[in-house]
Amino acid sequence: AFGAARELAPPGGSEDESRGGRIVVVGDSDWLRPAFVNDPQFANFDFLTGALAWLVDRKALAAIPPRQSPLAAVRMSPSDLDGVRWRIFVFLPGAVALLGFAVAWSRRR
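Residues numbered from 1 in each chain as written. Predicted model: local features only at pLDDT ≥ 70, side-chain atom pairs only at ≥ 80, totals over all residues. Heavy atoms only, no water.

1. Structural notes on the overall build of the chain
Within the chain, the regular secondary structure consists of 3 helices and 2 strands. Moving toward the C terminus, one meets the helices and strands of the chain in the order β-β-α-α-α. Over its C-alpha atoms the chain spans a radius of gyration of 29 Å, topping by over 25% the 13 Å that the globule rule assigns to 109 residues. Dimensions of the chain, computed from the C-alpha atoms along their principal axes, are close to 90 × 40 × 25 Å. Counting all 109 residues of the chain, 9% fall into the buried class. Pairs at least 24 apart in sequence give 34% of the contacts found in the chain among residues at least 6 apart. When the accessible surface of the chain is summed, it comes to about 9600 Å², and 63% of that surface belongs to carbon and sulfur atoms. (Helix = DSSP H or I, 4+ residues; strand = E, 2+ residues; numbered from the N terminus. Rg over C-alpha atoms; globule rule 2.2 N^0.38 Å. Buried < 20%, exposed > 50% of the residue type's maximum accessible area, 1.4 Å probe, protein only. Contact = heavy atoms within 4.5 Å. Areas by Shrake-Rupley, 256 points an atom, 1.4 Å probe, with all protein chains shown as cover.)

Take a look at the structure:
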């Protein structure tokens, strides 16, 4: 979606205490669907609260919090670690050696 924000000049062009308005325009309303607003992956709720805070000139509310990572820690048992070690230290170098041997053999002919 495409969006724009603009601060409008006060009516009559005077710069006294009267303030102009503010407007936020977003291309369509799909980003306001509950599935998108509630899903932290899209950060639409943060955009909505930030835009509303800017519209009402409440700078303290406009701060967007840091994004939360959905990643979880990997837990491996000792047997899983042994399997990883075998794959990294035995099978992978063996596959590279076998491939190198196959390339050398094909070039000899």
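2. Considering the confidence of the model for the chain
Interpretation of this model should avoid reading the predicted coordinates in detail wherever pLDDT is low. Summary statistics for the chain give a mean pLDDT of 84 and a share of 92% for residues scoring 70 or more. Looking over the chain, one finds the lowest element-wise mean pLDDT in helix α1 (residues 34-38), namely 84, and the highest in helix α3 (residues 78-108), namely 95. (pLDDT = per-residue confidence, 0-100.)

3. Re the pattern of salt bridges
Counted according to the given criterion, the structure contains 4 salt bridges. One salt bridge in this structure joins Glu-7 and Arg-22, with 3.5 Å as the shortest N-O distance. Residue Glu-7 is located in strand β1 (residues 3-7), and its partner Arg-22 is located in strand β2 (residues 22-26); the two are separated by 15 residues in the primary sequence. Residue classification places Glu-7 among the partly exposed residues on the basis of a relative accessible area of 47%. The partner of Asp-57 in a salt bridge is Arg-22, and the shortest N-O contact between them spans 3.6 Å. With Asp-57 in the loop between α2 (44-55) and α3 and Arg-22 in strand β2, the pair connects residues that are 35 residues apart, well separated along the chain. Judged by relative accessible area, which is 32%, Asp-57 ranks as partly exposed. In the salt-bridge network here, residues are joined through shared partners; they are Glu-7, Arg-22 and Asp-57. (Salt bridge = Lys/Arg side-chain N within 4 Å of Asp/Glu carboxyl O.)

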